[in-house]
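Structural overview
As a plain string of letters, each chain reads:
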Amino acid sequence: MTTARRPGETASRPTVALALGGGGARGFGHIAALEALDELGVAPTALSGASMGAVIGAAYAAGMKGREIRAYAQGVLRNRVDVMGKLLKARVGRFADLVLRGRGNPVLLDGEICLDLFWPEAVPDFFEELAIPLQVVATDFYGRREVVLAKGALGPAVAGSMAIPGLIKPVEMDGRFLIDGGAVNPLPYDLLLDRADVVVAVDVTFGGRARARRLPTPFESMFGATQIMQRSITAEKIKVRPPDVLVRPAVEPFAVLDFHRIGPILRASESAKDELKRQLSARLEAAGRG
């Protein structure tokens, strides 16, 4: 496999791989990390992503810069009426299913349609067309196990990785039904440990929302339980073998579905830039000496 490098990177420089975790709207915090890498002139040789991390990771792997992803995301989400119109187009469930048949989910979305409507045109149709190798994590629902996708059709793989139960329908792919990759591997840096000298992981599952104690709504319970599970899985993985560089953007106050709060999420994540630059520069220097 050819190692992807950007202008200015030399063959002797220690290699870097990047893992982006799941977390819904919190995943916009990944953009600050991408910008930090660009500002350092560091080009990852490999990427991995789960859920929202796979969505943003695919855009970066396609060759977009962090600042370009920021501008694109802000532009797409600026007009709420337009966003709602696209979501309605992507809706699988119908209220009639719930009212007339007593079953179904009236807000269920088709992840592949969502990607078609919201993804940048720069993202290709196939993994093989990406500038940087990407591994996408999903969950095989019936197999009850992790699935790592790295070749073939990119859209269905990412749609499966972001198929949050109750919100986005499972994706059928190669005889399997795929759901949210965060259910098994919310921060898939372990896939990269043998693929670079320095492995960087960006965790947006860490921490919870500081709110007054009250009875959570059904949606809050469902998505909150998912966040708690993902945070626990990630914490146990880090205990066993941490990544070389771990960065946690300050996205704790935000919820999984706070996509309309992209501005505040991006601003809250700015401090992660300096932290990543500091940690990564030190690790690269140490790796270079070694």
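Here the structure is shown first, and the text comes after it.
Residues numbered from 1 in each chain as written. Predicted model: local features only at pLDDT ≥ 70, side-chain atom pairs only at ≥ 80, totals over all residues. Heavy atoms only, no water.

Glancing now at the overall build of the chain. Looking only at helices and strands, the chain has 10 helices and 8 strands in total. Sorting the 290 residues of the chain into buried and exposed places 51% on the buried side. By element, 56% of the accessible surface of the chain is carried by carbon and sulfur atoms, the whole surface being about 13,800 Å². (Helix = DSSP H or I, 4+ residues; strand = E, 2+ residues; numbered from the N terminus. Buried < 20%, exposed > 50% of the residue type's maximum accessible area, 1.4 Å probe, protein only. Areas by Shrake-Rupley, 256 points an atom, 1.4 Å probe, with all protein chains shown as cover.)

Moving on, we get to the nonpolar core. Phe28, Leu134, Leu154, Leu276 and Leu280 are the most contacted members of the largest nonpolar core, which totals 70 residues. Ranked by residues supplied to this core, first place goes to helix 2 (residues 52-61) with 8 residues. (Core = buried A, V, L, I, M, F, W, Y, C linked by side-chain atoms within 4.5 Å.)

Glancing now at helix 7 (residues 154-161). Along helix 7, 8 of the 8 residues are buried, which leaves the element largely enclosed by surrounding structure. When helix 7 is considered as a whole, its buried residues turn out to be Leu154, Gly155, Pro156, Ala157, Val158, Ala159, Gly160 and Ser161.

Taken together, the side chains of Glu112, Asp116, Asp125, Glu128 and Glu129 present a region of like negative charge at the surface. Relative to the helices and strands, Glu112 is located in helix 6 (residues 111-118). (Patch = residues over 30% accessible without salt bridge, like charges linked within 9 Å, V, L, I, M, F, W, Y side chains within 5 Å. Salt bridge = Lys/Arg side-chain N within 4 Å of Asp/Glu carboxyl O. Lys, Arg positive; Asp, Glu negative; His and termini not counted. Charge placed at Lys NZ, Arg CZ, Asp CG, Glu CD.)

As a further point, take the packing of aromatic side chains. Under the criterion given, the structure shown has 3 aromatic pairs. Between the aromatic rings of Phe141 and Tyr142, the centroid separation amounts to 5.0 Å while the plane-to-plane angle is 85°, which identifies the pairing as edge-to-face. On the basis of relative accessibility, which here comes to 61%, the residue Tyr142 falls in the exposed class. Here the basic side chain of Lys86 rests over the ring of Phe118, its NZ or CZ set 5.2 Å away from the ring centre. The cationic tip of Lys237 hangs over the ring face of Tyr189; the distance from NZ or CZ to the ring centre is 4.5 Å. (Phe/Tyr/Trp six-rings, centres within 6.5 Å; stacked < 30°, edge-to-face > 60°. Lys NZ or Arg CZ within 6 Å of the ring centre and 35° of its normal.)

Residues Gly111, Cys114, Leu115 and Phe118 constitute the buried set of helix 6. Here the buried residues of helix 6 occupy an arc of 100° about the axis, which is enough to place them on one side. Packing partners of the buried residues in helix 6 comprise helix 2, helix 3 (66-78), helix 4 (80-89) and helix 7. With a side-chain oxygen lying 2.9 Å from the backbone nitrogen of Glu112, the N-terminal cap of helix 6 falls on Asp110. (Arc of directions from axis to C-beta. Contact = heavy atoms within 4.5 Å. Polar contact = N/O pair within 3.5 Å; in protein donor to acceptor, adjacent residues only side chain to side chain.)

A word on the environment of Cys114. Assignment of secondary structure puts Cys114 in helix 6. Classification of Cys114 by relative accessible area gives buried; the value is 8%. Linking Cys114 and Leu88, residues 26 residues apart in sequence, is a C-alpha distance of 9.8 Å. With residues near it in sequence (within four places) discarded, Cys114 still touches Ala90, Leu109, Trp119 and Met162.

Moving on: the environment of Ala36. Inspection of the secondary structure assignment puts Ala36 in helix 1 (residues 30-40). A relative accessible area of 0% places Ala36 in the buried class. Along the chain, Ala36 and Lys277 lie 241 residues apart, while their C-alpha atoms are 6.3 Å from each other.

It is worth spelling out the packing of helix 1 against helix 3 at this point. In the contact formed by helix 1 and helix 3, the axes pass within 7 Å of each other and the chain directions differ by 150°. In terms of orientation, helix 1 lies roughly antiparallel with respect to helix 3. Contact with helix 1, carried on its side by Ile31, Leu34, Glu35 and Asp38, involves Gly66, Arg67, Ile69 and Arg70 of helix 3 and no other residues of that element. Here the contact of helix 1 with helix 3 is built from residues that sort into 3 nonpolar, 1 polar and 4 charged. (Axes fitted to C-alpha atoms, helices over the stretch in contact; angles between N-to-C directions. Parallel < 35°, antiparallel > 145°, perpendicular 65-115°, else oblique. Nonpolar A, V, L, I, M, F, W, Y, C, P; charged D, E, K, R; others polar.)

Glancing now at the pattern of salt bridges. Under the criterion given, the structure shown has 14 salt bridges. The partner of Glu35 in a salt bridge is Lys273, with the nearest N and O atoms 3.0 Å apart. In this pair, Glu35 sits in helix 1 while Lys273 sits in helix 10 (residues 271-289), placing the two residues 238 residues apart along the sequence. According to the relative accessible area criterion, Glu35 is buried, its value standing at 5%. The shortest N-O distance in the salt bridge between Arg283 and Asp244 comes to 3.0 Å.

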